[in-house]
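Structure at a glance
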Amino acid sequence: MLYGCDKPKELITPTHIGRVPEVKNLNARIDTTKTGKYLVLLNWEYDDNGNLREWEVYRALRDTAGGNYSFLQPPVKVPSYADSTIPSFGEDSIWVYYKVIPVGNDRFLGKPGIIRLTLFRKSK
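Residues numbered from 1 in each chain as written. Predicted model: local features only at pLDDT ≥ 70, side-chain atom pairs only at ≥ 80, totals over all residues. Heavy atoms only, no water.

Notes on the overall build of the protein
Helix and strand counts for the protein come out as 0 helices and 7 strands. The order of α-helices and β-strands along the protein, N terminus first, is β-β-β-β-β-β-β. The C-alpha atoms of the protein give a radius of gyration of 20 Å, which is well past the 14 Å a tight globule of 124 residues would have. For the C-alpha atoms alone, the extent of the protein along its principal axes is close to 80 × 40 × 20 Å. Counting across all 124 residues of the protein, residues that qualify as buried make up 34%. For the protein, contacts bridging at least 24 residues in sequence account for 64% of all contacts bridging at least 6. Surface exposure of the protein reaches about 8700 Å², of which carbon and sulfur atoms provide 52%. (Helix = DSSP H or I, 4+ residues; strand = E, 2+ residues; numbered from the N terminus. Rg over C-alpha atoms; globule rule 2.2 N^0.38 Å. Buried < 20%, exposed > 50% of the residue type's maximum accessible area, 1.4 Å probe, protein only. Contact = heavy atoms within 4.5 Å. Areas by Shrake-Rupley, 256 points an atom, 1.4 Å probe, with all protein chains shown as cover.)

See below:
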């Protein structure tokens, strides 16, 4: 007598996939403030599907894997963010990661956009 497995069943597509607009074309521009601090300007695009409440922006410093993120408050309502809160650093350069997460009206989180920048120490 031979026994076998049932025929594989199709996977069900989770309903939350695509529920919240995806961050697209995340880009950054590095500038300075009037006081000489770094100013990182983030911009992104998205396809509006009617289920978008806001974006949460996170930043990780000096982290080669980009996993130790800190939340930058408050959440933003437009597809851009200006960060002038980068602390001074003694190294020649540091990596700065940004993660932008769309949040739906139903509080579902969408697929994040992630970007890594290299900031170089300013000469005095």
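Here's the deal with the environment of Lys99
The topology assignment puts Lys99 in strand β6 (residues 93-103). Sequence spacing of Lys99 and Leu42 is 57 residues, and the spatial spacing of their C-alpha atoms is 10 Å. Contacts of Lys99, omitting those with residues within four sequence positions, involve Glu56, Val57, Tyr58, Tyr69, Pro112, Gly113 and Ile114.

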